[in-house]
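Inside the fold
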Amino acid sequence: MNTAGPSEATAPRGLELTPFRGLRYDPDRVGSLAAVTSPPYDVVVRPDGLHHLQDADPYNIVRLILPQAATPAARNEQAADTLRRWLSEGVLTADPEPALYVYEQRHADGMLQRGLIGALRVSEPSEGVVLPHEDVMPHIVADRAALMRATHANLEPLLLTYRGDGAAAEAVDRAAALPPLLSTTTEDGYSHRLWAITDPAETARVQQDLSRRQALIADGHHRWATYLRLRAEQTEPGPWDHGLVLLVDTARYPLRVRAIHRLLHGLPVAEALAALDAHFRVRPLDVALPQALDVLADAACAGNAFLLAGDGAFHLVDRPDPSLLARTIPTDRPEAWRTLDATVLHATLLDHIWDIPEDDPARIAYIHDTAATVRKAERHGGTAVLLHPVREEVVRDLARQGVTMPRKSTSFGPKPASGLVLRALDA
């Protein structure tokens, strides 16, 4: 499939990536660069992961992206106070000149990802420049917007992909042949390296190439929606017209696509399964998690399939009743959307059978880590719903049609580590 279709080539205005003065940790002021990094805010498994990161180093970035206080207002003010203190103490310092940053992630399993971190012009989906593929939850956008207003900063980059294999990709690889600004390895086994492109001629070549490109939001829909909201609040041009992103050319560095799982609070597995009786085929699996995921992958090739867990076992749920799907799945979307597992999960299982609102944090949580989802379900008596990932080409095709997928449908990775470079809006 040709993912660089006509709409990308003919877009009247493409990606506009601008250099900025990155805020970075002074390695002499922290225990280690690895100890101050964090996964993106929505990937941290709370409270276990949050506490682990807080204990790793007193300056861990999680204290900015997930501040802890009694009220939302207090949390945001705490983050702003913490950022101001770290700046005044020299824990975080601004680079001397604006740059586009080349960021590399590498793993021993062969995964290599490189991309460009910069300040990207914020654009509406209708412009066809940055394409979302998932819906967002308003309360999360409001929460992120309040944090960005308080800190006056973009604390972590979101992840965008494009397909170009042109001058921008060549500049990335040229930079990666030079000594890096920083290099560290995090506890997940990924090594991280960062370079700065400051040469005006090289920057111009990158910008010219990107001006013809179109990007897909791979991870960070809520942060992009936050950028849009904050820009709309401004009365004249300024720093809110741009947002911090990592832009990866998947023609050279393909991403991995994983599923985001659901944890249903207050719904025991037995009740969840009983409600599916006569609507789906349900089979218990007497296997461990890796084997259960293999069974799920095979079943997903034939149709909609899910794994339910939380009672110490795994249950494969597949072969939905076609008449049930006909009654519950909206018909005003493309076939590729109507047959998504996430669509069936939200429209049929959550809305129709289990009656669980998808945006009620008291009833449902969205967790990236498969084993953690199962553990939390078992610990608290809820139900883990595990999904099989969607192929990237399906995601991109739907996005180009202007069709958004159900919330939290995909997890592209590897995700950029938070804490390696920040953007202050007044720097």
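Reference entry: report on the structure contained in this document.

Parameters at a glance
Residues numbered from 1 in each chain as written. Predicted model: local features only at pLDDT ≥ 70, side-chain atom pairs only at ≥ 80, totals over all residues. Heavy atoms only, no water. Buried < 20%, exposed > 50% of the residue type's maximum accessible area, 1.4 Å probe, protein only. Helix = DSSP H or I, 4+ residues; strand = E, 2+ residues; numbered from the N terminus. Pairing = 2+ DSSP bridges. Polar contact = N/O pair within 3.5 Å; in protein donor to acceptor, adjacent residues only side chain to side chain. Contact = heavy atoms within 4.5 Å. Arc of directions from axis to C-beta. Salt bridge = Lys/Arg side-chain N within 4 Å of Asp/Glu carboxyl O.

1. Quick look at the pairing of strand β14 (residues 261–264)
Side chains of β14 alternate between two faces, with H261 and L263 and R262 and L264 buried alike. Taken together, the 4 bridges between β14 and strand β18 (residues 364–367) define a ladder with antiparallel strand orientation. When the bridges of β18 are listed, L264 appears paired with I364. Pairing geometry for β14 and strand β19 (residues 383–386), over 3 bridges, is antiparallel.

2. Some points on the side chain of T151
Position of T151 relative to the elements: it lies in helix α6 (residues 138–151). Judged by its relative accessible area of 8%, T151 is buried. Polar contacts involving the side chain of T151 include one to the main-chain carbonyl oxygen of L147, which spans 2.9 Å. Discounting chain neighbours no more than four positions away, the residues touching T151 are A79, A80 and L83.

3. Some details on helix α8 (residues 200–210)
Within α8 the residues assigned to the buried category are E202, T203, V206, D209 and L210. All buried residues of α8 project into a common sector of 130° when viewed along the axis, lining one side. Away from the buried face of α8 by more than 90 degrees, exposed residues P200 and Q208 are located.

4. Observations concerning the pattern of salt bridges
One pass over the structure, following the stated rule, counts 28 salt bridges. The shortest N-O distance in the salt bridge between R121 and E16 comes to 3.3 Å. Within this pair, whereas R121 is found in strand β5 (residues 112–121), its partner E16 is found in the loop between α1 (6–10) and β1 (17–18), the two being separated by 105 residues in sequence. With relative accessibility at 10%, the residue R121 sits in the buried group. Its salt-bridge partner being D219, residue R223 comes within 3.2 Å of it at the nearest N-O pair. Take R223 and D219: they sit in the same class, and that class is buried. If you follow the salt bridges from partner to partner, you end up with E104, R106, R114, D165, D173, R193 and R252 in one network.

The values reported here are purely geometric and, on their own, carry no functional implication.
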